Amino acid sequence: MNFFRIKIADKVAEIVSTHRVSASFFRPFLTDTEPDYIIELDNVAFKRCNIDGFSFGQEQFEEQFDSSVIHEEVAKDLLQFDVILFHGAAIALSNSAFIFSAPSSVGKTTHILKWIEHLSNAYVINGDKPFIRFLSENNQVLVCGSPWAGKENMYTNTMVPLKSIILMERAEDNHIEQISFAEAFPKLLQQVYRPEDEEKMRKTLRLMQRLNGPVSFWRFQCNNFKDDCFDVAYNALVGKQK
């Protein structure tokens, strides 16, 4: 039996497996703290995909596949602690987090790199799949780092209060406007992890409702190739010149 522990969104999971799972992928998140929940995996879980046809070696494939299986189980189990998985690129500026969300290839990563380039105190929380944690105290919402960070593999093991979610669209010119939670909700729903279990899905929807109030929502018509792209977003979201 193999096991190790990872801490994500301030909750510790013990990963127990009959299959040999490499802990190297999770290195910055490894911990010896007592677990809050346990994920038990067996060989069956790792036989759901045919590895034929992949250009890289079996060992590399198995590590990527293992992390994907664990990712889904973590997303399911963290719901009990009021944590949801969201698809977007999350950055922090001082003590505020911003999630830029859009379908793949719209330019989330390209855009957040502009923030890193322009601002010395900005950093990436997660480039693809951050977790969002809801606290009862003060109705606070936190963005949490995770090791599942897309092909660029940009992440930080941290938690930062969420200020805004920005829904990106491709456009000729850069324009950003604040929208209501009701306007944002259909696209938010497309980007959140949606469990198959009905009760878990109902809880996901209840948690999403708690974004309404602490978090602002924006529609960002974006052209990353124009010089004003960063300034248009920054001046609207932060409200001051850099």
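Residues numbered from 1 in each chain as written. Predicted model: local features only at pLDDT ≥ 70, side-chain atom pairs only at ≥ 80, totals over all residues. Heavy atoms only, no water.

(A) Inspection of the overall build of the chain at higher detail. Looking only at helices and strands, the chain has five helices and 12 strands in total. Burial analysis of the chain (242 residues in total) assigns 49% to the buried set. (Helix = DSSP H or I, 4+ residues; strand = E, 2+ residues; numbered from the N terminus. Buried < 20%, exposed > 50% of the residue type's maximum accessible area, 1.4 Å probe, protein only.)

(B) Just the sheet that holds strand 2 (residues 11-17), in detail. Taken in spatial order, the three strands of this open sheet run 1-2-3, and their pairing is mixed. Looking at strand neighbours, the two that pair on one side only are strand 1 (2-8) and strand 3 (37-41), the edges of this open sheet. Pairwise comparison of adjacent strand axes, ignoring direction, gives a mean angle of 20° for this sheet. Where strand 1 lies against strand 2, seven bridges are found, and the strand directions are antiparallel. Bridge pairing links Arg 5 to Glu 14 in strand 2. (Pairing = 2+ DSSP bridges. Axes fitted to C-alpha atoms, helices over the stretch in contact; angles between N-to-C directions.)

(C) Structural view of the confidence of the model for the chain. For the chain, the average pLDDT comes to 89, and 89% of its residues sit at 70 or higher. Confidence over residues 46-61 falls short of pLDDT 50; this stretch has 17 contacts with residues more than four positions distant or in other chains. (pLDDT = per-residue confidence, 0-100. Contact = heavy atoms within 4.5 Å.)

(D) The arrangement of the packing of aromatic side chains in detail. What the rule picks out here adds up to 14 aromatic pairs. Ring geometry for Phe 4 against Phe 26: centres 5.5 Å apart, planes inclined by 35°, an arrangement best described as tilted. Taken as a pair, Phe 4 in strand 1 and Phe 26 in the loop between strand 2 and strand 3 lie far apart in primary sequence, 22 residues in all. Each member of the pair, Phe 4 together with Phe 26, is buried. Ring centres of Phe 131 and Trp 148 lie 6.4 Å apart, and the angle between their planes is 65°; this geometry places the pair in the edge-to-face category. With Phe 131 in strand 8 (residues 131-134) and Trp 148 in the loop between strand 9 (141-144) and strand 10 (159-170), this pair connects stretches of sequence that are 17 residues apart. In this pair, the class of Phe 131 matches that of Trp 148, namely buried. (Phe/Tyr/Trp six-rings, centres within 6.5 Å; stacked < 30°, edge-to-face > 60°.)

(E) Representation of helix 5 (residues 229-237). Every buried residue of helix 5 is accounted for by Cys 229, Phe 230, Ala 233, Tyr 234 and Leu 237. Along helix 5, the residues classed as buried sweep out an arc of 105° about the axis, all on the same side. Lining the buried residues of helix 5 we find strand 5 (89-93), strand 6 (96-101), helix 2 (108-118), strand 10, strand 11 (175-179) and strand 12 (216-222). Positive phi appears at Gly 239, one or two residues downstream of helix 5, with a value of about 85°. (Arc of directions from axis to C-beta.)

(F) Representation of the pairing of strand 2 within the structure. Here strand 2 lies mainly inside the structure; seven of its seven residues are buried. The alternating pattern of strand 2 places Lys 11, Ala 13, Ile 15 and Ser 17 and Val 12, Glu 14 and Val 16 on opposite faces, both of which are buried. Hairpin geometry of strand 1 and strand 2 is characterised by an intervening segment of two residues between the two adjacent antiparallel strands and by a positive phi of about 55° at Ala 9. Examined bridge by bridge, strand 2 and strand 3 share five bridges and lie parallel to one another. Paired with Ser 17 across the strands is Leu 41, a residue of strand 3.

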